[in-house]
Amino acid sequence: MTEAELYTTYKGVFVPSAVHSSQSLKYYEEFTFRPDDILIVTYPKSGTTWMQEIVPLITSGGDPASVETLHCWDRVPFLEETRASLLNLEQRPSPRMFTTHFHYNMMPPSFSEVKPKVIYVMRNPKDVFTSSFHYYEMATFLVNPGPQSEFLQKFLDGKVIFGSWFDHVKGWLNVDEKQPIMYISYEEMIMQDLKDAVTRIAHFLEKPLDAEVIEKIADRCLFKNMKQNDKSNYSEVPREFMDQTKSEFLRKGVAGDWKNQLTPEEVEYFDVVYKDKIKDVKYKFVWD
Ligand code: A3P
């Protein structure tokens, strides 16, 4: 099926129609934030689910009840998705935790007024591309990626769900100076000790934790352990939506898999586009 059949264009970017209705987008636009809300923001395939495991474990002081009983999409719901309006989010106790894949300039009015805490997770776009390629193959509500070279062009042109990686990252790197925001990359969480990342996130969330609790959280969130959590590995999503026999949702969980995916010519082309698109960005990405 084509983009026209599977996607809705919202504020200039594609969103999968299967989980974004006009009512859900209206709910999102009218959503009222609280100052102590925590919002995980990502471009898809950048480590969203990982952060949806880490943050609730931090806010609960290490109590695994919510990650063991609630699916990640109910635990830290995507505000723009149809499910959000069914979850009675207005009744949830603080600190509430949400997720969004939207760009900064797509945020609703209450977001700019209230300025809840944002954790923005970034990942090397070559790995985002690689992870997306496999994800688009297994998720039936997304347009089949087709040949890799074609999907690469779509990805670099932002003709994929949630638009351009470059626009997403540039927008969120350039937020209002009063916006509380923590930037963290997938690579920092993979290559450095996960305990350090958990400590930094806990500090940002003003939730100091004992070393022992940090250690437990970090251990639980290691790829091999998190992969066993049926509430976070999407194994309970019916196969008609996600066929994990084609590719698992928690697929490889490494940095640098693009080296196994892209041809030398594709890498060269990617680098040319990348350099041009981020030439004005001052932020130092860990993968550069
Ligand atoms: P790969 O496809 O490269 O394995 P998102 O949650 O934003 O959709 O991102 C999914 C990607 O994050 C997948 O990447 C997935 O395996 C990876 N991921 C999820 N949990 C992880 C963890 N605990 N450690 C490392 N990577 C993880």
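Residues numbered from 1 in each chain as written. Predicted model: local features only at pLDDT ≥ 70, side-chain atom pairs only at ≥ 80, totals over all residues. Heavy atoms only, no water.

1. Some remarks on the overall build of the chain
Condition: Strands are runs of DSSP state E lasting at least 2 residues, helices are runs of H or I lasting at least 4, and numbering of each runs from the N terminus. It is over C-alpha atoms that the radius of gyration is taken, and the globule rule equals 2.2 Å times the number of residues to the power 0.38. Relative accessibility thresholds used throughout: buried, under 20% of the residue-type maximum; exposed, over 50%; partly exposed, between the two (1.4 Å probe, protein chains only). Contacts are assigned to residue pairs that have any heavy atoms within 4.5 Å of one another. Here the accessible surface of atoms and residues is derived via Shrake-Rupley with a 1.4 Å probe, and residues count as covered only by protein chains that are part of the display.
What the chain contains, in helices and strands, is 15 helices and six strands. In summary, the chain has a C-alpha radius of gyration of 18 Å against a globular reference of 19 Å for 288 residues, a match within 12%. Dimensions of the chain along its principal axes, counting C-alpha atoms only, are 50 × 40 × 40 Å. Within the chain, the proportion of its 288 residues that are buried is 55%. Sequence separation of at least 24 residues holds for 73% of the intrachain contacts in the chain that already meet a minimum separation of 6. For the chain, the exposed area adds up to about 13300 Å²; of that, 52% sits on carbon and sulfur atoms.

2. Remarks on the sheet that holds strand β5 (residues 117–122)
The following threshold applies: The pairing criterion for strands is at least two bridges between them, as found by DSSP. Here an angle of 0 to 180 degrees is reported between the N-to-C directions of two axes, which are lines fitted to C-alpha atoms, with helices fitted over the stretch in contact.
A sheet is described by the order of its strands in space; here four strands give the open sequence β4-β3-β5-β6, paired in parallel fashion. Across the chains shown, the open sheet's two edge strands, defined by having one partner strand only, are β4 (97–100) and β6 (181–185). Mean inter-strand twist for the sheet, computed between neighbouring axes without regard to direction, equals 20 degrees. Contacts from helix α3 (residues 48–59) reach β3 (38–42), β4, β5 and β6 within the one sheet, and its direction differs from that of β3 by about 165 degrees.

3. A closer look at the site of the ligand
Rule in force here: Near, as used in this document, describes a residue that has one of its heavy atoms within 4 Å of the molecule or strand being considered. Identification of polar contacts relies on pairs of N or O atoms within 3.5 Å, with a donor-acceptor requirement for protein atoms, meaning one able to donate a hydrogen and the other able to accept it, and with residues adjacent in sequence counted only if both atoms are side-chain atoms. Think of a 1 Å grid over just the protein atoms. A cavity is a set of points where a 1.4 Å probe fits yet cannot get out, a pocket is an open set with protein on both sides within 12 Å along at least five of seven lines, and lining residues have an atom within 4 Å of a point. To be counted as sitting in a cavity or pocket, a molecule needs more than half of its atoms within 2 Å of that site's grid points. For this classification, the nonpolar set comprises Ala, Val, Leu, Ile, Met, Phe, Trp, Tyr, Cys and Pro, the charged set comprises Asp, Glu, Lys and Arg, and every other residue, Gly included, is treated as polar.
In the vicinity of the ligand there are 19 residues, among which T48, T49, S131, Y186 and K252 approach most closely. Between an oxygen atom of the ligand and a main-chain N or O atom of S46, the distance comes to 3.1 Å. Isolated, the ligand exposes 570 Å² of accessible area, and the fraction of that covered by the protein chains is 98%. When each cavity is represented as a set of grid points, the ligand is found to reside in the largest pocket. Those elements giving two or more residues to the shell around the ligand turn out to be α3, α10 (186–191) and α13 (223–226). Counting residues per element, the shell around the ligand draws most heavily on α3, which supplies three residues. Here the shell around the ligand is composed, by residue class, of nine nonpolar, six polar and four charged.

4. Things to note about empty space enclosed by the protein
One way to see where empty space is left: roll a probe the size of a water molecule over the atoms. So the rule is basically this: Grid points are joined across faces, edges and corners, and a volume is the space filled by probe spheres set on the points.
According to the stated counting rule, one finds two cavities of 30 Å³ or more in the structure shown. Taken as a whole, the largest cavity spans an internal volume of roughly 50 Å³. Lining the largest cavity, in full, are Y43, P44, K45, S132, Y135, Y136, F151, F155, V160 and I161. Of all the elements in the fold, those that place two or more residues in the lining of the largest cavity are α7 (125–138) and α8 (148–157). Looking at the lining of the largest cavity, the element that brings in the most residues is α7, giving three residues. Here the lining of the largest cavity is composed, by residue class, of eight nonpolar, one polar and one charged. Space inside the second largest cavity adds up to approximately 40 Å³. Looking at the second largest cavity, the residues that line it are E3, Y7, Y136, V143, N144, P145, F151, K154, K159 and V160. When grouped by side-chain class, the residues that make up the lining of the second largest cavity number six nonpolar, one polar and three charged.

5. A look at the state of the cysteines
The cut-off we apply is this: The definition used for a disulfide is geometric: two cysteine sulfur atoms within 2.5 Å.
This model, assessed by the stated rule, comprises zero disulfides. You can see C72 has no disulfide; the closest cysteine sulfur is in C221, sitting 12 Å from it. The exposure class of C72 is buried, given its relative accessible area of 0%.

6. Overview of the side chain of H71
Residue position: H71 is located in the loop between α4 (65–69) and α5 (72–75). A relative accessible area of 18% means that H71 is categorised as buried. At a separation of 2.6 Å, a polar atom in the side chain of H71 contacts the side chain of E236. Excluding its chain neighbours within four sequence positions, the residues that come into contact with H71 are D230, K231 and E236.

7. Some thoughts on the pattern of salt bridges
Let me state the cut-off plainly: Whenever Lys or Arg places a side-chain nitrogen within 4 Å of a carboxyl oxygen from Asp or Glu, that contact is recorded as a salt bridge.
In total, this model carries 16 salt bridges according to the counting rule given. A salt bridge links E53 to R75; the shortest N-O distance between them is 3.1 Å. Here the residue E53 occupies a position in helix α3, and R75 occupies one in helix α5, the gap between them amounting to 22 residues. On the accessibility criterion, E53 (1% relative accessible area) is buried. Ionic pairing is found between D276 and K279, a salt bridge with its closest N-O pair at 3.1 Å. Given a relative accessible area of 56%, K279 falls into the exposed group. Several salt bridges converge on common partners, so that one network encompasses R251, K252 and D257.

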